[in-house]
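What follows is the residue order along each chain.
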Number of protein chains: 2
Amino acid sequence: MPKIDLDNIKPRSGTIYPEIHHKEMEGRSSLRFSDAAGLTQFGANITILEPGAKSSLRHWHENQDEFVMVISGTATLLDDHGETELSAGECAAFPAGDANGHTIVNKSSGEVRFLAVGARTPTEVGWYSDLDMKVTIDEGGYAFTRKDGSPYPGDDT
Amino acid sequence: MPKIDLDNIKPRSGTIYPEIHHKEMEGRSSLRFSDAAGLTQFGANITILEPGAKSSLRHWHENQDEFVMVISGTATLLDDHGETELSAGECAAFPAGDANGHTIVNKSSGEVRFLAVGARTPTEVGWYSDLDMKVTIDEGGYAFTRKDGSPYPGDDT
């Protein structure tokens, strides 16, 4: 069936970030359905943010377009321009290679849900705007390092 | 700015379908923002359906994944399984190559809005489930024909 049975998808929490960033990622979970639905060319998943939570460390992608649409609640986009509120039905686009690091945070007192769509590419490099950290993804998996490629403190990958 | 300024996007109506299908596509319009936002790897646009309108002739894609999420109103998905209601926040996925032709229609008395995401590929063939029609897309543009490649009645492409 093409319809996604959202009620029967268990939210997943946790993060692949290095261990020293685990605490600040608490309060984020996601409904990850696009793999099970057979989508291979882009990912489409729902992120749930409790009050105070963030969707990611502020970052940008070299190779992959990203897009978000808020489903419910009031989200705040943080990027190089500052803070921008996004309410239900509002959208933001992050083209590959645009070095404007971004994240979505929940500064409200209620839950935020948003749809996140990301292209799939065989390799990727992501850069973290507020940290000396990057992620490199290839057929062997992913690795977090400093921006010069040296080991990142607390990386357990 | 990554945020999409939806209030300043003029809805576009009309269709590229052969002329004999123009009448039945009335009541559909779209907010097409992803090209202007710099997205090249997938398209993300909002379709608006007045009561009685449909998003497309029922079809499936050989090469391009598709995904929809209802933003407001109550939509009805028509596919080989019959009719499935999709309310705000509900989603459906249509993997490339799955020959389950689909369309979204508005059987309600209010407006329906939904987000549609589609992969971008250099070439594409789309098949129309309820018609002797297909569309072929390549670097030269698009062409509607009968399924055997012969001219489609009323095609003006």
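What you are looking at is a predicted structure, and each value in this text was computed from that prediction instead of being measured.

J.: Sorry, what's going on with the overall build of chain A here?
T.: For chain A, the count of helices and strands is 0 helices and 12 strands. Counting from the amino terminus, helix and strand elements in chain A follow one another as β-β-β-β-β-β-β-β-β-β-β-β. Compactness check: chain A gives a C-alpha radius of gyration of 15 Å against a globular reference of 15 Å for 157 residues, within 12% of the reference. Across its three principal directions, the C-alpha atoms of chain A cover 40 × 35 × 30 Å. Burial analysis of chain A (157 residues in total) assigns 46% to the buried set. Contacts in chain A between residues far apart in sequence, at least 24 positions, make up 59% of those at least 6 positions apart. Summing over all exposed atoms, chain A offers an accessible surface of approximately 7,300 Å²; the carbon and sulfur share of this is 48%. With 14 positive and 25 negative side-chain charges, chain A shows a separation of 4 Å between the mean positions of the two kinds.

J.: What should I look at first to understand the interface of chain B and chain A in this one?
T.: Accessible area lost upon the coming together of the parts is a frequently used measure of interface size. Each partner contributes to the interface: chain B provides 40 residues, whereas chain A provides 40 residues. Summing the contributions of chain B and of chain A, the shared interface buries around 3,000 Å²; its carbon and sulfur component is 72%. At the junction of chain B with chain A, the criterion picks out 2 salt bridges. Two residues, lysine 3 of chain B and glutamate 90 of chain A, come together in a salt bridge whose shortest N-O distance is 3.3 Å. Here chain B and chain A share 14 residue pairs in polar contact (both at pLDDT 80 or more) between them.

J.: Would you take a moment to explain the relation of the copies chain B and chain A for this structure?
T.: Of the transformation placing chain B onto chain A, the axial shift is 0.0 Å and the rotation is 180 degrees, giving an RMSD of 0.0 Å. On the angle and the small slide along the axis, the relation comes out as a two-fold axis. Residue by residue, 100% of the interface of chain B is reproduced at the interface of chain A, so both copies engage with the same surface.

J.: Whenever I open this one, a nonpolar patch on the surface confuses me. Can you help?
T.: All names here are of chain A. Together, Ile16, Ile137 and Tyr142 line one region of the surface with nonpolar side chains, adding up to about 240 Å² of accessible area. Mapped onto the elements of the fold, isoleucine 16 is located in the segment before strand 1 (28–32). Given the relative accessible area of 45%, isoleucine 16 is considered partly exposed.

J.: In this structure, what is going on with the sheet that holds strand 11 (residues 133–138) of chain B? I would like to understand it.
T.: Note on sheets: strands pair through backbone hydrogen bonds, and any given pair is parallel or antiparallel. Residues and elements named next belong to chain B. Taken together, the 4 strands give an open sheet; going across it, the order is 3-10-11-12, and neighbouring strands pair in antiparallel fashion. Unpaired on one side and paired on the other, strand 3 (59–61) and strand 12 (141–145) mark the two borders of the sheet. For this sheet, the mean inter-axis angle between neighbouring strands, taken without regard to orientation, is 15 degrees.

Calculation notes
- Counting restarts for each chain: residues are numbered from 1 in the order of the written sequence.
- Just so you know, chain letters begin at A and ligand numbers begin at 1, following the order they were written in.
- Two thresholds apply to this predicted model, a pLDDT of at least 70 for residue-level local features and 80 or more for giving and counting side-chain atom pairs, whereas whole-chain, interface and lining totals are computed over all residues.
- To get the side-chain values, take all heavy atoms of the structure and skip hydrogens and water.
- Elements are defined by DSSP. Helices are runs of H or I of four residues or more, strands are runs of E of two residues or more, and each kind is numbered from the N terminus.
- Radius of gyration means the value over C-alpha atoms here, while the globule rule gives 2.2 Å times the residue count to the 0.38 power.
- Only protein chains enter the accessibility calculation, which uses a 1.4 Å probe. A residue is then buried if its area is under 20% of the maximum for its type, exposed if over 50%, and partly exposed in between.
- Should any heavy atoms of two residues lie within 4.5 Å, those residues are considered in contact.
- Exposure was quantified through the Shrake-Rupley algorithm and a 1.4 Å probe, taking into account, for residues, occlusion by the shown protein chains and nothing else.
- Residues counted as positive are Lys and Arg, residues counted as negative are Asp and Glu, and His and the chain ends are not counted.
- All charge positions are set by atom: Lys at NZ, Arg at CZ, Asp at CG, Glu at CD.
- Take the accessible area each of two parts loses on contact, using a 1.4 Å probe, and add the two losses: that sum is the buried area.
- The term salt bridge refers to a pairing of a side-chain nitrogen on Lys or Arg with a carboxyl oxygen on Asp or Glu at a separation within 4 Å.
- As used in this structure description, the phrase polar contact means that two N or O atoms lie within 3.5 Å; if the pair is within protein, one of them must be able to donate a hydrogen and the other to accept it, and residues adjacent in sequence are counted only when both atoms belong to side chains.
- Least squares is used to superpose the copies, and the fit set is the C-alpha atoms of residues whose pLDDT is at least 70 in both copies.
- Exposure above 30% relative accessible area and the lack of any salt bridge qualify a residue for a patch; like charges then connect within 9 Å, and the nonpolar side chains Val, Leu, Ile, Met, Phe, Trp and Tyr within 5 Å.
- Whether two strands pair comes down to DSSP finding at least two bridges between them.
- For every element, the axis is a line fit to its C-alpha atoms; helices are fit only across the contacting stretch, and the angle between N-to-C directions ranges from 0 to 180 degrees.

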